[in-house]
Amino acid sequence: MPRPLVMGVVNVTPDSFSDGGRYVEPRAAVAHGLALLEAGADLLDVGGESTRPGATRPLVAEELARVVPVITELAAAGATVSVDTMRAEVAQAALEAGARIVNDVSGGLADPDMLPTVAASEATYVAMHWRAHADRMADLADYPAGVLPTVRDELAGRVEAAVAAGVPLERLVLDPGLGFAKRPAHNWELLRGLGELAALGPRLLVGASRKSFLGSLLADEVGEPRPVDAREAAHLAVVVHCARAGVWAVRVHDVGSACDALAAWAALEDPTSGAGG
């Protein structure tokens, strides 16, 4: 089995949950992206809008100013760049700057121009399961019919919409949207059900890195979640699970650790690899 691609996260934001403000300056963001490439990233996902719970949206001009210079430099350096945006205007500018993937956490629901914009390009399109913007999504984590069948059906609707807009299936990728209008138990159920989601046809992208459901799992004796920067060991178990499930890519913050875990998984899966000499 081919190993998943490793998508390194480049947050050009002041308020992302994992590293908000650390790479908000373009030079810092570009340097971080280049370091992720050196660590083994196959793809770089550049985003200028935080989608952490409760986050407020930046102005379009702010988002453009954050991501376009970074994408321009990283693409010029040879990186395969994804733009993490819900806005068609930002997606178009990013594609013109050299991005080759549009990673839309809203799956086309936040901006009616997104699907036609992607269809008119040659970009790969990632459609995530989404129900509302960050300031409202926690109120919509309700799945009376079960989270897996509901997410599957709602993603199937996004596939239909994308194809109807002219995006071919071979350019589509689906993301179950871990942490977006999901309680911890929902995320684990979706991870167990990746095979059912893959049956929809498009490739899968999974982003579990540093998310709160891992912090909840690792909470201390008084129920305090494990801090964001101390969740990587649990995350690597999820990365290997995703590899076994055949996902196309994993979206991660710690690229080096993810690449190491996937190298070990590949050696275990392939007894003819000669790993370790």
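**Overview of the pairing of strand E6 (residues 172–175)**
Phase 1 of the analysis: Burial of E6 is two-sided: the residues Leu172 and Leu174 facing one way and the residues Val173 and Asp175 facing the other way are all buried.
Phase 2 of the analysis: Inspection of the sheet shows strand E5 (residues 124–128) paired to E6 by four bridges, in the parallel sense. Considered in E6, the bridge of Tyr125 is made with Leu172.
Phase 3 of the analysis: Remark: the E5/helix H5 (residues 147–165)/E6 crossover connection has right-handed handedness.
Phase 4 of the analysis: Judged from the two bridges that link them, E6 and strand E7 (residues 203–206) form a sheet pairing that is parallel.

**Structural notes on helix H6 (residues 184–192)**
Phase 1 of the analysis: Of the positions making up H6, those classed as buried are His186, Asn187, Leu190 and Leu191. Buried residues in H6, looked at end-on, bunch into an arc of 135°, giving them a common side. More than 90 degrees from the buried face of H6, the exposed residues found are Ala185 and Arg192.
Phase 2 of the analysis: At its buried positions, H6 is contacted by H5, helix H7 (194–198), E7, helix H8 (212–217) and helix H9 (232–244).

**Some remarks on the packing of helix H2 (residues 60–76) against helix H3 (residues 88–97)**
Phase 1 of the analysis: Axis separation between H2 and H3 bottoms out at 9 Å; the angle between their running directions is 20°. Between H2 and H3, the crossing angle belongs to the class labelled roughly parallel. Our pair here, H2 against H3, has a crossing hand that is right-handed. Contacts between H2 and H3 involve Val60, Glu63, Leu64, Val67, Val68, Ile71, Thr72 and Ala75 on the former and, on the latter, Glu89, Val90, Ala93, Ala94 and Ala97.
Phase 2 of the analysis: Split into classes, the residues belonging to the contact of H2 with H3 amount to ten nonpolar, one polar and two charged.

**Some remarks on the packing of aromatic side chains**
Phase 1 of the analysis: Overall, the coordinates contain one aromatic pair when judged by the stated rule.
Phase 2 of the analysis: Both rings, one in Trp188 and one in Phe213, keep their centres 4.9 Å apart while their planes meet at 75°; by these two values the pair is edge-to-face. Residue Trp188 is found in helix H6, and its partner Phe213 is found in helix H8; the two are separated by 25 residues along the sequence.
Phase 3 of the analysis: Under the relative-accessibility criterion, Trp188 is labelled partly exposed at 23%.
Phase 4 of the analysis: Accessibility expressed as a relative area gives 1% for Phe213, which makes it buried.

**Some thoughts on the side chain of Ser106**
Phase 1 of the analysis: The topology assignment puts Ser106 in the loop between strand E4 (101–104) and helix H4 (114–119).
Phase 2 of the analysis: Under the relative-accessibility criterion, Ser106 is labelled buried at 0%.
Phase 3 of the analysis: Reaching out from Ser106, the side chain makes a polar contact with the side chain of Asp104 at a distance of 2.8 Å.
Phase 4 of the analysis: Apart from the residues within four sequence positions on either side, Ser106 is in contact with Met86, Met128 and Trp130.

**Details of the pattern of salt bridges**
Phase 1 of the analysis: The final tally for this structure, using the stated rule, is eight salt bridges.
Phase 2 of the analysis: Notably, a salt bridge pairs Asp42 with Arg3, separated by 3.2 Å at the nearest N-O pair. Placement of Asp42 in the loop between helix H1 (26–38) and strand E2 (43–47) and of Arg3 in the segment before strand E1 (5–11) is noted, with a sequence separation of 39 residues between them.
Phase 3 of the analysis: We classify Asp42 as partly exposed; its relative accessible area is 27%.
Phase 4 of the analysis: A relative accessible area of 33% means that Arg3 is categorised as partly exposed.
Phase 5 of the analysis: With its nearest N and O atoms 3.2 Å apart, the salt bridge here joins Arg251 to Asp84. With Arg251 in strand E8 (residues 249–252) and Asp84 in strand E3 (residues 81–84), the pair connects residues that are 167 residues apart, well separated along the chain. Here Arg251 and Asp84 have matching classes, each one buried.

**Regarding the pairing of E1**
Phase 1 of the analysis: Summarising burial for E1: six of the seven residues are buried, a large majority.
Phase 2 of the analysis: By the bridge criterion, four bridges tie E1 to E8 in an arrangement that is parallel. When the sheet's bridge partners are listed, Met7 is paired in E8 with Arg251.
Phase 3 of the analysis: Across five bridges, the pairing between E1 and E2 is parallel. Its bridge partner being in E2, Asn11 is matched across the sheet by Gly47.

Cut-offs used in this document
Residues numbered from 1 in each chain as written. Predicted model: local features only at pLDDT ≥ 70, side-chain atom pairs only at ≥ 80, totals over all residues. Heavy atoms only, no water. Buried < 20%, exposed > 50% of the residue type's maximum accessible area, 1.4 Å probe, protein only. Helix = DSSP H or I, 4+ residues; strand = E, 2+ residues; numbered from the N terminus. Pairing = 2+ DSSP bridges. Right-handed = clockwise from strand over helix to strand, strands pointing away. Arc of directions from axis to C-beta. Contact = heavy atoms within 4.5 Å. Axes fitted to C-alpha atoms, helices over the stretch in contact; angles between N-to-C directions. Parallel < 35°, antiparallel > 145°, perpendicular 65-115°, else oblique. Left-handed = near helix turned anticlockwise from the far one by under 90°. Nonpolar A, V, L, I, M, F, W, Y, C, P; charged D, E, K, R; others polar. Phe/Tyr/Trp six-rings, centres within 6.5 Å; stacked < 30°, edge-to-face > 60°. Polar contact = N/O pair within 3.5 Å; in protein donor to acceptor, adjacent residues only side chain to side chain. Salt bridge = Lys/Arg side-chain N within 4 Å of Asp/Glu carboxyl O.

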